[in-house]
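Descriptive analysis of the structure
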Amino acid sequence: MKEFNIIICGVGGQGIILTSEILAIAGMESGFDVKKSEVHGMSQRGGSVVSHIRIGEKIYSPLIEKGKCDFLLSLEKAETLRWVHYLKKDEPVIIVNDIEILPPLVSLGLDQYPERIEENLKNITKNLYIIPALKIAEEIGEPRSANILLLGFLSKFLPFEEKIWEEAIKKNIPQNLIYVNLEAFKKGKNLIL
Amino acid sequence: MKLLLSGNEALARGAWEAGLKVACAYPGTPSTEILENLAKYPEIDAEWSPNEKVAFEVAFGAAIAGARSIVSMKHVGLNVAADPFFSSAYTGVKGGFVIVTCDDPGMHSSQNEQDNRRYAKFAKVPLIEPSDAQEAHDFVKIAFEISEEFEIPVLFRMTTRISHTKGVVKVGEREEVPLKNYSKNIQQFVVLPAHAKIRHSILEEKLLKLKRFSSETFLNRIEKGKNEVGIVTSGISYNYAKEVFPDAWILKLGMPFPFPEELFKEFIKNVKKVIVVEENEPFIEEEIKILGYNVEGKKYIPLCDELSPEIVRKSLKNEELPHPEPLKSVRRPPQLCPGCPHTGVFYTLSKLKAVVTGDIGCYTLGALPPHNAMDTCICMGASIGNAFGFEKALGKKFSKRLVAVIGDSTFIHSGITGLIDIAYNKGSVTVIILDNRTTAMTGHQNHPGTGITAKGEKTKEINLAELARACGIEEVYEINPYDLKNTLKTIKNAMESEKPAVVISKAPCALLKEARERFKREKKRKVIEEKCLGEKCKACIRLGCPAISMVNGKAFISSLLCVGCGLCSEVCPVEAIE
């Protein structure tokens, strides 16, 4: 039985929880067992945030075991590095939003933003997709739809029907933003890299 | 019907289905969403209480009076409510009474990782532990039934990974449960020593009956396996055990206390060796060892921090799945939000080099760079007592450098008595109440200072300035923390005064609608690069605003993050931010 283990990571406030919610609902509506785990509270306030989503026939652990993650979807470049050791060894997929968010510690000179991110990630897998999601989302008029665009790209790898994705998006996005997000999803899905 | 629900949402749904009438809580991660969800049901009287002790007493009172009631809190909340908790075991209840404790192994949002399973044994009440959202939904119904059948409160233990994991949950509909008839019985409900003596014996008898029940209930079950090693486990650890040992014999405990001795005896007939897989304390392991059996658990599995499948695998199989090497990222601790009203206060305290006793809330982040403006943070409400202790130890002169900072909700929770102590015992400490009009860190819950109830209805709004005066504080100031000049002047004066003072920094949390509406009228700030003094200045960087960073040697303000609070314009010495 095929199982899908997905980590979505990024910086608090980027919409990680919402993105993983849509993914989990799409999994459930496709007839799978689903578990989605993240931590609220202190971890939000601009800090590093991660969500584990597991989709399969029967899921026990809400946490993905190190070495079992199939897909790493990262909304910020440096955050990708924090979770790579959760990936499976054998051809995992890494999808990265091509933006850098500098934590204040860097500006204060107390830490350094990592260099050669792309190179390091390439050493892990040939399935590395760095996507200028914010730029494309701005082009369609709603920068906040970048997450959904990336989710659209991820959807290429998952066996859920288009209609189920659409419903999951509609259920979780405010009425006035549904249309633009559906468009972002399609853009992501049809993106050729 | 199937829904994707978190453990907390599922628990709330299950309690509603079980005919719950009264629900009380004080917010605390990871427990908060339980009451938030219960408050949505019109059939349930749900309240945010001033603290966990009051929450406990109200829900307990309702249960004495015959209603099904629930009180929910984070693990350390049960310390606050421990006094009535212990008495409730002696008196027992009429209506079903469930006490939900949400523990936080790994301390994602807590000051310790106390394992409240020990509280069940300590207070002598049955313990129920679900392993996922479906069980949270199903087991809470059983908890009410057990509570009524044995006339005893039930401790229902969740952990962060149960509370905040969403899973597929099959839900049902509500069944009304009639009130139990209340009749006065002082031998039961007035815990005079003479009465309590009798109640203690009765409680011990109940526990014996519950011990037999524990071996019979479906909450505890044996899962057949193939190996010679058997695993005893409960809660979230069950899932990790299943993940790593899919073929093992498992004794799965949904009700670990009182321990199901007979069922355990049945279980060990099938295996040669028993391993206990549990997070944090060796609670189950000790229960088994007391019975005289030689089992292992903490010998292999770490006691500190939360468990994970890889920790269970490494501990018990000494192996790990192949995975890429970890890569070094950048440190990204949580921080105060752009436009946060606490920023101005901590910027000021940092400038004054004040000794700051802190408290529990978003503002605990004031301890971190760049403010570094906190010396202690112990528990809810401790800031005020701690400051007074500093003064007693180091003298009145030192006290002029000293402030306690405490949030509005935390002040109401357990700061008021500390303030009374300062006035009563002739202290001179300055207390800053960071009144951001909400319980922010747990996700914006109302409290007695906001004038809105858990149900969203208008109510009496407590006046903090008047309250401080009534406690005996003569010097009470209200400030706008976005006005840095006045903030500095007021705090400085208050600290230098011989008398105790309260400074109320009053401005809504930047994420509240009221603040967002106000910010909308402000312009987002921009750096005029030619004017910016760059690396040698960094005055704006020292605000700790997430929107401001140094890019190519000059300050840069992210237009995505800036809300337009204007603090950076105030601190810039050369008017380079407009």
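Residues numbered from 1 in each chain as written. Chains lettered and ligands numbered in written order. Predicted model: local features only at pLDDT ≥ 70, side-chain atom pairs only at ≥ 80, totals over all residues.

1. Some words on unusual backbone geometry
- B:Thr29 connects to B:Pro30 through a cis peptide bond whose omega is 10 degrees.
- Structurally, the position occupied by B:Pro30 is in the loop between strand S2 (22-25) and helix H2 (32-38).
- In this model, B:Pro369 is joined to B:Pro370 through a cis peptide bond whose omega is 5 degrees.
- Looking at where B:Pro370 falls in the secondary structure, it is placed in the loop between strand S13 (355-357) and helix H16 (382-394).
- Phi at A:Glu91 is positive, roughly 50 degrees, even though this residue is not glycine.
- Looking at the element boundaries, A:Glu91 is found in the loop between helix H2 (77-83) and strand S5 (93-97).
- The class of A:Glu91 is exposed, set by 11 C-beta atoms lying within 10 Å. (Helix = DSSP H or I, 4+ residues; strand = E, 2+ residues; numbered from the N terminus. Buried ≥ 20, exposed ≤ 12 C-beta atoms within 10 Å, placed from the backbone.)

2. Details of the environment of B:Gly254
All names here are of chain B.
- Inspection of the secondary structure assignment puts Gly-254 in the loop between strand S11 (249-253) and helix H12 (261-268).
- Here Gly-254 falls in the buried class, since 22 other C-beta atoms lie within 10 Å of it.
- Sequence separation between Gly-254 and Pro-130 is 124 residues; the distance between their C-alpha atoms is 5.8 Å.
- Gly-254 has contacts with Ile-128, Glu-129, Pro-130, Glu-135, Phe-139, Leu-219 and Asn-220, leaving out every residue within four places of it along the chain. (Contact = placed C-beta atoms within 7 Å.)

3. Section: the pairing of strand S7 (residues 154-159) of chain B
Residue and element names in this part refer to chain B.
- In terms of residue burial, S7 counts as a mostly covered element, since 6 of its 6 residues are buried.
- In S7, alternate side chains face the same way, and those of Val-154, Phe-156 and Met-158 on one face and Leu-155, Arg-157 and Thr-159 on the other are all buried.
- Summarising the sheet, strand S5 (residues 97-103) and S7 pair through 6 bridges and their orientation is parallel. If you follow Thr-101 over to S7, its bridge partner there is Arg-157.
- The pairing of strand S6 (residues 127-128) with S7 spans 2 bridges and is classified as parallel. Looking at S7, one finds that Ile-128 is bridged to Phe-156. (Pairing = 2+ DSSP bridges.)

4. Description of the pairing of strand S8 (residues 165-170) of chain B
- Note that strand S2 (residues 33-38) of chain A and S8(B) share 3 bridges and pair antiparallel. Counterpart to A:Lys36 in the pairing with S8(B) is B:Lys166.
- Of the pairings in the sheet, the one linking strand S1 (residues 2-6) of chain B to S8(B) comprises 5 bridges and is antiparallel in character. Note that in S8(B) the partner of B:Leu4 across the bridge is B:Val168.

5. Structural notes on the interface of chain B and chain A
- Of the residues lining the interface, 49 residues belong to chain B; the matching set on chain A comes to 53 residues.
- Sorting the residues of the side of chain B that touches chain A by element identifies helix H8 (160-163), S8, helix H11 (235-244), helix H14 (309-317) and strand S18 (548-551) of chain B as the ones contributing at least two each.
- Considering only residue class, the side of chain B that touches chain A consists of 23 nonpolar, 16 polar and 10 charged. (Nonpolar A, V, L, I, M, F, W, Y, C, P; charged D, E, K, R; others polar.)

6. Looking at helix H3 (residues 52-64) of chain B
All names here are of chain B.
- Counted at 1.5 Å a residue, the expected span for H3 with its 13 residues is 18 Å, and the 18 Å between its end C-alpha atoms agrees.
- Glu-52, Lys-53, Ala-55, Phe-56, Ala-59, Phe-60, Ala-62, Ala-63 and Ile-64 are the residues of H3 that are buried.
- If you follow the buried residues of H3, they end up packed against S2, strand S4 (69-74), helix H4 (77-80), helix H5 (82-91), S5 and helix H9 (186-189).
- Gly-66, located one to two residues past H3, shows a positive phi value of around 110 degrees. (Expected span 1.5 Å × (residues − 1).)

7. Considering the packing of helix H6 (residues 146-155) of chain A against helix H8 (residues 178-190) of chain A
All names here are of chain A.
- Orientation of H6 relative to H8, taken along the N-to-C sense of each, is 40 degrees, at an axis distance of 6 Å. In terms of axis orientation, H6 runs oblique to H8. As for how H6 packs across H8, the hand of that crossing is right-handed. Contacts between H6 and H8 pair Ile-148, Leu-149, Leu-150, Leu-151, Gly-152, Phe-153 and Ser-155 from the former with Asn-181, Ala-184, Phe-185, Lys-186, Lys-187, Gly-188 and Lys-189 from the latter. (Axes fitted to C-alpha atoms, helices over the stretch in contact; angles between N-to-C directions. Parallel < 35°, antiparallel > 145°, perpendicular 65-115°, else oblique. Left-handed = near helix turned anticlockwise from the far one by under 90°.)

8. Some thoughts on the sheet that holds strand S3 (residues 48-56) of chain A
- Taken together, 8 strands build an open sheet; the order of strands is S6(A)-S5(A)-S4(A)-S1(A)-S3(A)-S2(A)-S8(B)-S1(B) and the sheet is mixed. Strand pairing shows two members of the sheet lacking a second neighbour, strand S6 (128-131) of chain A together with S1 of chain B, which therefore form its edges. The sheet shows a mean angle of 15 degrees between the axes of neighbouring strands, direction not considered.
- As defined by bridge partners, S5(A) adjoins S6(A) across 4 bridges and the pair is classed as parallel. Bridge pairing in S6(A) places A:Ile95 opposite A:Tyr129.
- In the packing of H6(A) onto the sheet, contacts are made with strand S4 (71-74), S5 and S6 of chain A, and the angle to S5(A) comes to roughly 160 degrees.

9. Re helix H15 (residues 342-351) of chain B
All names here are of chain B.
- Burial runs high along H15: 9 of the 10 residues are buried.
- Restricting attention to buried positions, one finds in H15 the residues His-342, Thr-343, Gly-344, Val-345, Phe-346, Tyr-347, Thr-348, Leu-349 and Ser-350.
- Immediately beyond the C-terminal end of H15, within one or two residues, lies Lys-353, with a positive phi of roughly 50 degrees.

10. Quick notes on the sheet that holds S7(B)
All names here are of chain B.
- The 6 strands are arranged S3-S2-S4-S5-S7-S6 in an open sheet whose pairing can be described as parallel. Two strands bound the open sheet, and with one partner strand each, they are strand S3 (45-48) and S6.
- Relative to S5, S4 runs parallel, the two sharing 6 bridges. Within the sheet, the bridge partner assigned to Lys-74 lies in S5 and is Cys-102.

11. What about the confidence of the model for chain B?
Residues and elements named next belong to chain B.
- Averaged over all residues, the pLDDT of chain B equals 97, while 100% of them reach at least 70.
- Mean pLDDT in chain B bottoms out at S18, which sits at 92, and peaks at S5, which reaches 99.
- For this predicted complex, the interface confidence reaches an ipTM of 0.96, while the overall pTM sits at 0.97. (pLDDT = per-residue confidence, 0-100.)

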